[in-house]
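The lines below spell out each chain.
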Amino acid sequence: MAVLTFNVAPDSVICAVYEDGGCREHGVFEAPETKEALLLRMQRMARLYGTLYALTGVGVSLANDQDVVAEDLQTTLQLPVLVTTCEDEAALAQRTLVAF
């Protein structure tokens, strides 16, 4: 059971895979300028990690008021998506693991 998390900040996005309580993959990429580009990048990362891990859900933390459409992400990935405002990456992973 693994979850993918995206911690979205104004300038960057931290992407991580948590499995069995530990971080298995971790990376950072520059936040795209548009919501559509951000959603596309998140979809690509989820497909990539989805081939490596049995993902059960995706957690998205928004550090500001960016409008990431959870429904679009959920429909595209066909995975449950938890959207929250956690600032701590470990807390986001824990919430997502518990939720899914």
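Here the structure is shown first, and the text comes after it.
Please read these numbers as outputs of a predicted model, since none were measured by experiment. (Residues numbered from 1 in each chain as written. Predicted model: local features only at pLDDT ≥ 70, side-chain atom pairs only at ≥ 80, totals over all residues. Heavy atoms only, no water.)

K.L.:
Tell me about unusual backbone geometry, and please be specific about residues and values.
P.N.:
Excluding glycine, residues mostly carry a negative phi; peptide bonds, for their part, are mostly trans. In the Ramachandran plot, Gln 78 falls in the positive-phi region, its phi being about 55 degrees despite a non-glycine side chain. Checked against the element boundaries, Gln 78 lands in the loop between α2 (70-77) and β5 (81-84). The exposure class of Gln 78 is exposed, given its relative accessible area of 71%. (Helix = DSSP H or I, 4+ residues; strand = E, 2+ residues; numbered from the N terminus. Buried < 20%, exposed > 50% of the residue type's maximum accessible area, 1.4 Å probe, protein only.)

K.L.:
Break down the sheet that holds strand β4 (residues 55-62) for me, citing the residues and quoting the values.
P.N.:
Sheet architecture is open: five strands sit in the order β3-β2-β1-β4-β5, paired in mixed fashion. Each of the sheet's edge strands pairs with one partner strand only, and the pair in question is β3 (22-30) and β5. Across the sheet, the axes of successive neighbouring strands diverge by a mean angle of 15 degrees, strand direction being ignored. Across the sheet, helix α1 (residues 35-52) touches β1 (2-8), β2 (12-19), β3 and β4, and the angle it forms with β1 is around 155 degrees. (Pairing = 2+ DSSP bridges. Axes fitted to C-alpha atoms, helices over the stretch in contact; angles between N-to-C directions. Contact = heavy atoms within 4.5 Å.)

Read these as geometric descriptors, not functional statements.
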